[in-house]
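Chain by chain, the residues run as shown.
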Amino acid sequence: DKNFMPISFAALINQANDQWRSHTLTGLTEIVTVHLFIISPLGEDYFLIKPINVILMVMLAAGLLVLARSIISASLLLLFLFLLVTAFVIEIHGGGGMVTIRIRAGAWILMALAIMWIVARTVYAPGQITYHRVVGASMLYLTIGVLFAALYAFVATLTPEAFRGLSISPHVSLPTDVVYFSFVTLTTVGYGDVTPLDPLIRSLSNLESIIGQLYPATVLARLVSLEERFGGGAKKGSVRQSPDSGH
């Protein structure tokens, strides 16, 4: 009896932490979705867009720090913020051009890698397969698009006329334009209005389109099927386990 209460209390604490981390996955997915498809396309045409964008980035970084369990992940996030501040300072002092595009693209590459590492460890950790984990897996899919968008922007600054139909130069709509091409490629829609000309960017496009087809059809579908299969059983007391949790 002496050992029962501490063990039970520790189990409750761990369960509460798992629930909090699961809800954080959903919150982060909502933040990324709003940023990509609502705030970012508006650019700076509206007065409150930039402050809202800053608030979303702070919330995203804070949520990731909650999920992060390693110094490496936290270091990537801090380096991301440092690079963004560096690009901002360069612009204030009259610099800019391709240098700031490279810095910001590099920052978003680090941010995307940090998100994928942190979220993947949470989504595919041993434990219950929940709705929030499925949503987190969807966030990984969105982050793949962000990662390739940053890679396209970075490579394009090193190669003149890397795209047909997309100008890589300092202008307000550049992030939206690159993200647009990335998601068109990821989902293999292929409107044809933007065409990669650089061999490396073409290779990246091929890789992204393959990942874009395989990930939803295999990894994401597997999680959804597990959540649906054992959803009713979990309510009756059975435990839903992740694919990596063993027996």
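This section reports on the structure supplied with the text. (Residues numbered from 1 in each chain as written. Predicted model: local features only at pLDDT ≥ 70, side-chain atom pairs only at ≥ 80, totals over all residues. Heavy atoms only, no water.)

### Description of the overall build of the chain
Then step 1. Regarding its fold elements, the chain presents seven helices and two strands.
Then step 2. Tracing the chain from N to C terminus, the helices and strands come up as α-α-α-α-α-β-α-β-α.
Then step 3. Taking contacts inside the chain between residues at least 6 apart in sequence as the whole, the part at least 24 apart equals 72%.
Then step 4. As displayed, the chain has an accessible area near 13900 Å², and 67% of this comes from carbon and sulfur atoms. (Helix = DSSP H or I, 4+ residues; strand = E, 2+ residues; numbered from the N terminus. Contact = heavy atoms within 4.5 Å. Areas by Shrake-Rupley, 256 points an atom, 1.4 Å probe, with all protein chains shown as cover.)

### Focus: a nonpolar patch on the surface
Then step 1. A surface patch of nonpolar side chains, about 370 Å² in accessible area, is lined by Val-85, Phe-88, Val-89 and Ile-92.
Then step 2. Relative to the helices and strands, Ile-92 resides in helix H3 (residues 71–92). (Patch = residues over 30% accessible without salt bridge, like charges linked within 9 Å, V, L, I, M, F, W, Y side chains within 5 Å. Salt bridge = Lys/Arg side-chain N within 4 Å of Asp/Glu carboxyl O.)

### Concerning helix H6 (residues 174–186)
Then step 1. Taking 1.5 Å of rise per residue, 13 residues should cover 18 Å, and H6 covers 18 Å from first to last C-alpha, within 8% of that figure.
Then step 2. Among the residues of H6, those classed as buried are Leu-174, Val-178, Val-179, Phe-181, Ser-182, Phe-183, Val-184, Thr-185 and Leu-186.
Then step 3. Looking one or two residues beyond H6, the residue adopting positive phi is Thr-188, at roughly 55°. (Expected span 1.5 Å × (residues − 1). Buried < 20%, exposed > 50% of the residue type's maximum accessible area, 1.4 Å probe, protein only.)

### Notes on the nonpolar core
Generally speaking, a soluble globular protein has its nonpolar side chains buried in company with each other.
Then step 1. Counting residues in hydrophobic clusters, the biggest one holds 61 residues, and the most contacted among them are Leu-60, Leu-64, Val-119, Tyr-152, Phe-163 and Val-178.
Then step 2. If you list the elements that add at least two residues to this core, you get helix H1 (4–42), helix H2 (49–67), H3, helix H4 (98–123), helix H5 (131–158), H6 and helix H7 (199–235).
Then step 3. At 14 residues, H5 tops the list of elements feeding residues into this core.
Then step 4. Ignoring sequence-local partners within four residues, the contact set of Val-119 consists of Leu-25, Leu-64, Gly-136, Met-139 and Leu-140. (Core = buried A, V, L, I, M, F, W, Y, C linked by side-chain atoms within 4.5 Å.)

### Re the side chain of Asp-198
Then step 1. Relative to the elements of secondary structure, Asp-198 occurs in the loop between strand E2 (195–196) and H7.
Then step 2. Despite its burial, Asp-198 pairs with no opposite charge; the closest candidate is Arg-202, at 8.2 Å N-O.
Then step 3. Here the side chain of Asp-198 touches Thr-159 through a polar contact of 3.4 Å, side chain to side chain.
Then step 4. Aside from chain neighbours lying at most four places away, what touches Asp-198 is Val-155, Thr-159 and Ala-162. (Lys, Arg positive; Asp, Glu negative; His and termini not counted. Polar contact = N/O pair within 3.5 Å; in protein donor to acceptor, adjacent residues only side chain to side chain.)

### Observations regarding the packing of aromatic side chains
Then step 1. Counting across every chain of the model gives eight aromatic pairs.
Then step 2. Here Tyr-141 and Tyr-215 contribute two aromatic rings whose centre-to-centre distance is 6.0 Å and whose plane-to-plane angle is 15°, an arrangement assigned as stacked. Separated by 74 residues along the polypeptide, Tyr-141 in helix H5 and Tyr-215 in helix H7 bring together distant segments of the chain.
Then step 3. Of the residues examined, Tyr-141 reaches a relative accessible area of 16% and is grouped as buried.
Then step 4. Judged by its relative accessible area of 11%, Tyr-215 falls in the buried class. (Phe/Tyr/Trp six-rings, centres within 6.5 Å; stacked < 30°, edge-to-face > 60°.)

### With respect to the packing of H2 against H4
Packed helix pairs are specified by the crossing angle of their axes together with the interaxial distance, meaning the distance between the axes.
Then step 1. The interhelical angle for the contact between H2 and H4, taken along N-to-C directions, is 40°, at an axis separation of 10 Å. Taken together, H2 and H4 sit at an angle that is classed as oblique. Seen from above, H2 lies across H4 with left-handed handedness. Here Met-57, Leu-60, Leu-64 and Leu-67 of H2 come into contact with H4, specifically with Trp-108, Met-111, Ile-115, Ile-118, Val-119 and Thr-122. (Axes fitted to C-alpha atoms, helices over the stretch in contact; angles between N-to-C directions. Parallel < 35°, antiparallel > 145°, perpendicular 65-115°, else oblique. Left-handed = near helix turned anticlockwise from the far one by under 90°.)

### Things to note about the packing of H5 against H6
Then step 1. Packing of H5 against H6 leaves a shortest axis separation of 8 Å and a crossing angle of 125°. Judged on the interaxial angle alone, H6 and H5 are oblique. H6 is crossed by H5, and the crossing has right-handed handedness. Contacts from Tyr-141, Leu-142, Ile-144, Gly-145, Val-146, Phe-148, Ala-149, Tyr-152 and Ala-153 of H5 reach H6 at Val-178, Val-179, Phe-181, Ser-182, Phe-183, Thr-185 and Leu-186.
Then step 2. Taken together, the residues of the contact of H5 with H6 sort by class into 13 nonpolar, three polar and no charged. (Nonpolar A, V, L, I, M, F, W, Y, C, P; charged D, E, K, R; others polar.)

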